[in-house]
Amino acid sequence: MALAQHSREPLNSDEARRRCLAIRDVLVRAGVYGPAETGDGAATTDSSIPTPRFRLAPTPFPLSSSDVTFFQELGQDLLSFYRALNRLYQDSTRGTQPAWVAAYLDQGKPESLITYSRMNRFRNLIPGIIRPDVIPTTDGMVITELDSVPGGIGLTGCLTRAYDDQFTIERQSPGLPPERSPLIAGRDGMLQGFAAMLRAQQGDQEGCLAIVVSDEAKEYRAEMEWMAQRLREIGYQAFCVEPRAVHFSEEGLFLQEETGPRPIGLLYRFFELFDLKNIPKAELVMYAAKKGQVTVTPPYKPALEEKLAFGLFHHPELAPFWEQALRPETAINLRRLLPRTWILDPQPVPPSAVIPHLTISGRAVSDFRRLAQTTQKERQLVLKPSGFSELAWGSRGVSIGHDLPQVEWATALEQALQAFPTTPYVLQEFHKGRLFELSYFDERSDTVVPMSGRVRLSPYYFVVGDKAELGGILATLCPANKKIIHGMVDAIMAPCAIAPNLAS
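Residues numbered from 1 in each chain as written. Predicted model: local features only at pLDDT ≥ 70, side-chain atom pairs only at ≥ 80, totals over all residues. Heavy atoms only, no water.

## As for the overall build of the protein
Rules: Each helix is a run of H or I in the DSSP string that is no shorter than four residues. Each strand is a run of E no shorter than two, and both are numbered from the N terminus. Put simply, the radius of gyration uses C-alpha atoms, and a globule should come to 2.2 Å times the residue count raised to 0.38. Burial classification: accessible surface area is computed with a 1.4 Å probe over protein chains only, and a residue below 20% of its type maximum counts as buried, one above 50% as exposed, and the rest as partly exposed. Should any heavy atoms of two residues lie within 4.5 Å, those residues are considered in contact. Here, Shrake-Rupley sampling with a 1.4 Å probe gives the accessible areas, and only protein chains in the shown set may cover a residue. The charge count includes Lys and Arg as positive and Asp and Glu as negative, but it does not include His or the ends of the chains. A single reference atom marks each charge: NZ on Lys, CZ on Arg, CG on Asp, CD on Glu.
Secondary structure assignment for the protein yields twelve helices and 21 strands. A compact globule built from 504 residues should have a C-alpha radius of gyration of about 23 Å, and the protein, at 23 Å, falls within 12% of that. Along the three orthogonal principal directions, the C-alpha set of the protein runs to about 75 × 60 × 45 Å. The burial tally for the protein puts 56% of its 504 residues in the buried class. Within the protein, counting contacts between residues at least 6 apart in sequence, those at least 24 apart form 72% of the total. Total accessible area on the protein is roughly 21800 Å²; 50% of this is exposed by carbon and sulfur atoms. Charged side chains of the protein number 53 positive and 58 negative; the gap between the two group centres comes to 3 Å.

Right, here's the structure in full:
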C-alpha cells in the first residue's frame, strides 16, 4: 500500500497555525478537547472527567487513492470474518467443529453470560460497528486487532467536521460550485453511517435511542454526547446517558423526563462485558432484551470480542472451516492482514507435537515457556489480554518483547500463562510501522513544527444489512520512540483525507 509520506502544508506558516487554532476552538466548544492542560496532558471539566488532549495537525492525514480503495473494500472482508467467527463458535457448541474452540472463547466468562449469549434470539446478531487497528508497515498493512465497542466515534465525526469547515472557508469562490470534500466518506460520513446502522438495528422497535456510557468508559462520554446531539439534529431521538438513568418497567426500559417516561427502543452498549457487574440494572437490561422489549447493540456475545479469534483463524486444524466459510479472495486478504497469533494456553503439548507456526530462530517450539530465554532479536512478539478484562482495552496490559529486558519479558510471559483460567492472553507477531512525517501545532512555541512517527489508522465500518460501509478513518501518529501506538498527549490525531496528487 502506498500512503503519503508527509503533508505538503508549509511548516511554521501563519495559515497552518490559524487552521490549528480554529480546529482546536471547534473541538473545545464541542466538549471533546480539553481547554487547558493539566499535569498528565488531560483537561479537567466541571464534572471532573478528564477531557482528551492531543496534538493537532493543520491538515488531515493524507492517503493515496489506492489506499482509499483498500479501506473501502476492507469492511466487507471483516464483516465476513465476524459472521464466520459467529458460525464457528456456534458449530463448536453443537459439536460440528472442535469443542476446544468454544472452550477458548468462553474461558473466564460467567456461566450466566455464556448461556445468555447462546440464546436462539441472538443467534445471528453481530456487532453493528467494526473498527480494526491498521498499522502501515514497509511490507503492507497489518491489522493488530478488531474492536466492536470502539471509542473515537464522536471524536472522529467532530474532527472531520472541523477540518471540512476549514476547507470550505478556504475554497469559497464567488460563482463557483463548492468542491467535494477530500475527507474520507465526506463531512458527515461518521454521523450518517452511525445513524444508518442504528436504524437498521432498531428496525420496527418503538422508542428512542439510549447511548449508555459506563463509568469505566466515562472519558468517552463527551464525544458520545456530541454524537447524540448531531443525531437529534437529523431527527433521531437519541440521548447519551449513564447506566443509572435507565429505568425498568414491565413494559420495557425507559428514560425518566419531566414530561414523563420516554420508552427506549434501542440501547447502544458503550461498555465492555467484563464491566457488567458494575452496571446498575444490567440484569434488567438483559431481561428486556431477552423478552424483545428493547434491542441492544453490540449484542451480549463475548465470543465475538476476543483477540484470540486471530489465533483461531491461523490454526491449521481450522483451515478447512475458514476455506469453506470465506470467499477465496477474502481468505487470501485476511491471511495477509492478520498477524500470526497464538493462544497462551499453559497446558503441556504432547511430546510428539509442536505449537503450530511458532519457531525460535527457525526451531519449532513445544512449550511457550521456552520463549522466556529468547534473545531480544528473537522476541519480536507482543503479549496482550485476549478480552473480558479491564486490561484488554486502551493498550493496557500490552508487553512488547524486544522492548523489555529479558527478566521483565520472562516475568510478563509467566504472568500471562498463569492468568489463563480467568484472562487468556495471546502472543502475536510484532510488525514495526513505517515512519511518516506530519506537522502539528506546538502550543509552547506557538508555531507549527514537524514530527516523525508511526501511525495507526482506525477505519470505522457501520453494518447495514449485508454491507459494511466506511464512515471515516482516524489517524493516530505517535512519536517514533513510542513502541505502542495509541491515543496520547504526544500523538497527533487527525481524520484521513484523499490526496489525489499522491502517487499510488
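Still more to cover.
## Describing the environment of Lys432
Inspection of the secondary structure puts Lys432 in the loop between strand E17 (425-429) and strand E18 (435-442). Judged by its relative accessible area of 53%, Lys432 is exposed. With 296 residues separating them in the primary sequence, Lys432 and Pro136 have C-alpha atoms 8.4 Å apart. In contact with Lys432, not counting residues within four places along its chain, are Thr137 and Arg454.

## A word on the sheet that holds strand E12 (residues 341-343)
Defined as follows: Any two strands with at least two DSSP-identified bridges between them are counted as paired. Orientation is described by lines fitted to C-alpha atoms, with helices fitted over the stretch in contact, and by angles between N-to-C directions that extend from 0 to 180 degrees.
Spatially, the four strands line up as an open sheet ordered E12-E17-E15-E16, and their pairing is antiparallel. The sheet terminates laterally at E12 and strand E16 (399-400), the two strands that pair on one side only. Examined bridge by bridge, E12 and E17 share three bridges and lie antiparallel to one another. Across the sheet, Trp342 pairs through a bridge with Leu427, a residue of E17. Sheet strands in contact with helix H12 (residues 406-418) are strand E15 (381-385), E16 and E17, and its direction is about 40° off that of E15.

## Brief notes about the packing of helix H2 (residues 65-94) against helix H11 (residues 328-337)
This is how it is decided: Each angle is binned into one of four classes, with values under 35 degrees roughly parallel, values over 145 roughly antiparallel, values of 65 to 115 roughly perpendicular, and all other values oblique.
Remark: H2 packs on H11, axes separated minimally by 10 Å, with the N-to-C direction vectors making an angle of 100°. With respect to each other, H2 and H11 are oriented roughly perpendicular. From H2, Phe70, Leu74, Asp77, Leu78, Ser80 and Phe81 reach across to H11, where they touch Thr330, Asn333, Leu334 and Leu337.

## Considerations on the pattern of salt bridges
Stated precisely, the cut-off is as follows: Salt-bridge detection follows one rule: a side-chain nitrogen of Lys or Arg within 4 Å of a carboxyl oxygen of Asp or Glu.
Tallied over the full model, the rule gives 26 salt bridges. With a closest N to O distance of 3.8 Å, Asp490 and Arg55 form a salt bridge. Taken together, the positions of Asp490 in the loop between strand E20 (467-479) and strand E21 (492-498) and Arg55 in the loop between strand E2 (50-51) and strand E3 (61-63) put the pair 435 residues apart, joining distant regions of the chain. Note on Asp490: relative accessible area 28%, which makes it partly exposed. Here Glu233 ties to Arg230 by a salt bridge, and the two come within 2.7 Å at their closest N and O atoms. Linking Glu233 with Arg230, this pair stays in helix H7 (residues 221-233), spanning three residues, or about one helical turn.

## Regarding helix H1 (residues 14-30)
Going by this rule: In this scheme, a helix's expected span is set at 1.5 Å multiplied by one less than its residue total.
Counted at 1.5 Å a residue, the expected span for H1 with its 17 residues is 24 Å, and the 24 Å between its end C-alpha atoms agrees. By the burial criterion, the buried members of H1 are Ala16, Arg19, Cys20, Leu21, Ala22, Ile23 and Leu27. Just past H1, the residue Gly31 takes up positive phi, approximately 85°.

## Concerning unusual backbone geometry
Cis geometry marks the peptide bond from Thr297 to Pro298, where omega comes out at -5°. Summarising the element assignment, Pro298 is placed in the loop between strand E11 (295-297) and helix H9 (309-314). The phi torsion at Lys281 lies on the positive side, around 65°, for a residue other than glycine. Turning to its location among the elements, Lys281 is positioned in the loop between strand E10 (260-270) and helix H8 (282-290). The class of Lys281 is partly exposed, set by a relative accessible area of 29%. For Asp446, which is not a glycine, the phi torsion comes out positive at approximately 60°. For Asp446, the position within the fold is in the loop between E18 and strand E19 (447-464). Using a relative accessible area of 36% as the deciding quantity, one classes Asp446 as partly exposed.

## Some words on the packing of helix H6 (residues 189-202) against H7
Just so we agree on the cut-off: Just so you know the grouping, Ala, Val, Leu, Ile, Met, Phe, Trp, Tyr, Cys and Pro go in nonpolar, Asp, Glu, Lys and Arg go in charged, and all remaining residues, Gly too, go in polar.
Running from amino to carboxyl end, H6 crosses H7 at an angle of 80°, the nearest separation of the two axes being 11 Å. In this view, H6 runs roughly perpendicular relative to H7, as classed from their interaxial angle. Residues Met190, Leu191, Phe194, Ala195 and Leu198 of H6 touch H7, and the partners they reach there are Met224, Met227, Arg230 and Leu231. For the contact of H6 with H7, the per-class residue count stands at eight nonpolar, no polar and one charged.

## A word on the side chain of Lys301
Put simply, the rule reads: Think of a polar contact as two N or O atoms within 3.5 Å of one another; within protein, one of them needs to be a possible hydrogen donor and the other a possible acceptor, and neighboring residues in sequence only count if both atoms come from side chains.
By the element assignment, Lys301 lies in the loop between E11 and H9. One buried charged residue, Lys301, forms no salt bridge at all, with the nearest opposite charge on Glu305 at 10 Å. Within polar-contact distance, the side chain of Lys301 engages the backbone oxygen of Leu125 at 3.0 Å.

## Overview of the nonpolar core
Formally: Remark: nonpolar core denotes a set of buried residues (Ala, Val, Leu, Ile, Met, Phe, Trp, Tyr, Cys) joined through side-chain atoms within 4.5 Å.
Among the nonpolar cores identified, the biggest contains 106 residues, and Phe71, Phe194, Leu231, Tyr268, Leu312, Trp322 and Leu457 are the most heavily contacted of them. A total of twelve residues in this core trace back to one element, the largest contributor, which is H2. Grouped together as the second largest cluster of nonpolar side chains are 25 residues, Tyr116, Leu267, Ala282 and Ala288 included.

## Examining the pairing of strand E4 (residues 129-137)
Across the nine residues of E4, nine count as buried, placing the element largely inside the fold. Burial along E4 is two-sided: the face carrying Ile129, Arg131, Asp133, Ile135 and Thr137 and the face carrying Ile130, Pro132, Val134 and Pro136 are both buried. Pairing analysis gives three bridges linking E4 to E19, with the strands arranged antiparallel. The residue of E19 that forms the bridge with Ile129 is Phe462. Where E4 folds back onto strand E5 (residues 140-147) in an antiparallel hairpin, the turn is made up of two residues.

## Let's talk about the packing of aromatic side chains
Cut-off, in case you're wondering: Aromatic pairs are defined between Phe, Tyr and Trp rings, using the six-membered ring for Trp, whenever the two ring centres lie within 6.5 Å; interplanar angles under 30 degrees are classed as stacked, those over 60 as edge-to-face, and all others as tilted. Definition used: whenever NZ (Lys) or CZ (Arg) falls within 6 Å of the ring centre and also within 35 degrees of the ring normal, the charge is taken to sit over that ring.
All chains considered together, the criterion is met by 17 aromatic pairs. Plain terms: the ring middles of Phe81 and Trp322 are 5.4 Å apart, the flat faces sit at 10° to each other, and that makes the pair stacked. Of the two residues, Phe81 is situated in helix H2 and Trp322 in helix H10 (residues 319-325); the sequence distance between them amounts to 241 residues. Just as Phe81 is buried, Trp322 falls in that class too. Where Phe248 meets Tyr287, the ring centres are 6.0 Å apart and the plane angle is 70°; that geometry is what we call edge-to-face. Within this pair, whereas Phe248 is found in strand E8 (residues 246-249), its partner Tyr287 is found in helix H8, the two being separated by 39 residues in sequence. Taking relative accessible area as the criterion, Phe248 reaches 24% and is therefore assigned partly exposed. By the ring-pair criterion, three or more aromatic residues cluster together here, those being Phe81, Phe310, Phe313, Phe321 and Trp322. Here the basic side chain of Arg269 rests over the ring of Phe271, its NZ or CZ set 5.9 Å away from the ring centre.

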